[in-house]
Amino acid sequence: MMRKVVVVTGANSGIGLALCERLLSYDDQIRLCLGCRNLQRAEAARTALLSSHPTADVSVLLVDVGKVTSVVRAAKELKERYKKVDYLYLNAGIMPNPQLSFRAFIKGLFSRNVINMFATAEGILTQKDRITEDGLQEVFETNVFGHFMLSPKHLS
Ligand SMILES: NC(=O)c1ccc[n+]([C@@H]2O[C@H](COP(=O)([O-])OP(=O)(O)OC[C@H]3O[C@@H](n4cnc5c(N)ncnc54)[C@H](OP(=O)(O)O)[C@@H]3O)[C@@H](O)[C@H]2O)c1
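Nothing here was measured: the structure is a model prediction, and the numbers come from that model. (Residues numbered from 1 in each chain as written. Predicted model: local features only at pLDDT ≥ 70, side-chain atom pairs only at ≥ 80, totals over all residues. Heavy atoms only, no water.)

## So, the packing of aromatic side chains
Then, number 1: This model, assessed by the stated rule, comprises three aromatic pairs.
Then, number 2: Here phenylalanine 105 and phenylalanine 118 contribute two aromatic rings whose centre-to-centre distance is 5.9 Å and whose plane-to-plane angle is 85 degrees, an arrangement assigned as edge-to-face. On the criterion of sequence distance, the pair formed by phenylalanine 105 in helix α4 (residues 102-109) and phenylalanine 118 in helix α5 (residues 114-120) is long-range, its members being 13 residues apart.
Then, number 3: Classification of phenylalanine 118 as exposed rests on a relative accessible area of 54%.
Then, number 4: Relative to phenylalanine 148, the ring of phenylalanine 145 lies with its centre 6.2 Å away and its plane at 35 degrees, an arrangement referred to as tilted. Separated by three residues within a single helix, phenylalanine 145 and phenylalanine 148 lie in helix α6 (residues 138-150), roughly one turn from each other.
Then, number 5: By relative accessible area, phenylalanine 148 is classed as partly exposed at 43%.
Then, number 6: By the ring-pair criterion, three or more aromatic residues cluster together here, those being Phe140, Phe145 and Phe148. (Phe/Tyr/Trp six-rings, centres within 6.5 Å; stacked < 30°, edge-to-face > 60°. Helix = DSSP H or I, 4+ residues; strand = E, 2+ residues; numbered from the N terminus. Buried < 20%, exposed > 50% of the residue type's maximum accessible area, 1.4 Å probe, protein only.)

This is the structure:
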């Protein structure tokens with residue numbers, strides 16, 4: 001029987017790493033591929049997974065889902081490594097912490113919008129985002145676009 005190939009992006013920490021641990025506990029015959037942007041962090045996660053599942057097949061795929069060139073290279077690498085990918089978990093993501101804008105808060109206090117401001121925080125919370133080298137907003141490219149490029153349509 002062909003062993004299932006499972007790819008998890010953002011596999012080196014948080015939910016991604018917990019998911020890998022769970023998948024291996026469920027079936028340690030899978031071929032698990034950790035899609036990560038940092039080799040050291042990926043290797044640390046691989047070592048941790050192998051310590052609880054010593055016979056498991058766990059490999060690393062370097063991919064920065066916030067960079068189109070990296071995603072295209074990784075998709076090519078996946079095609080070369082595996083005949084097919086059975087499960088693709090698009091988990092990697094960033095969520096910059098929202099910041100309170102005191103300037104907007106003071107302005108809002110003296111505006112007609114004050115009740116709405118307290119009820120919804122509208123206008124006073126800002127979230128840092130930057131434009132990537134691909135000309136996209138980082139949160140969008142990381143959480144959505146990069147994964148879209150890695151999706152089965154582009155893998156086949
Ligand atoms: N935890 C929550 O309550 C919650 C709620 C809603 C949605 N989510 C989403 O669920 C997913 C996992 O959340 P989490 O709490 O486990 O987050 P986390 O602990 O911050 O882990 C995020 C993972 O994504 C990786 N990652 C980030 N940007 C990347 C990039 N450009 N290329 C490749 N990998 C990248 C990180 O790698 P590095 O170690 O290299 O940074 C890390 O392994 C995220 O997409 C998050 O937005 C989480």
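Further notes follow.
## As for the domain arrangement of the protein
Then, number 1: When its domains are assigned, the protein resolves into domain 1 (5-95 + 135-155) and domain 2 (98-127).
Then, number 2: In this structure, domain 1 and domain 2 have C-alpha centres spaced 39 Å apart. (Domains from an automatic or database assignment.)

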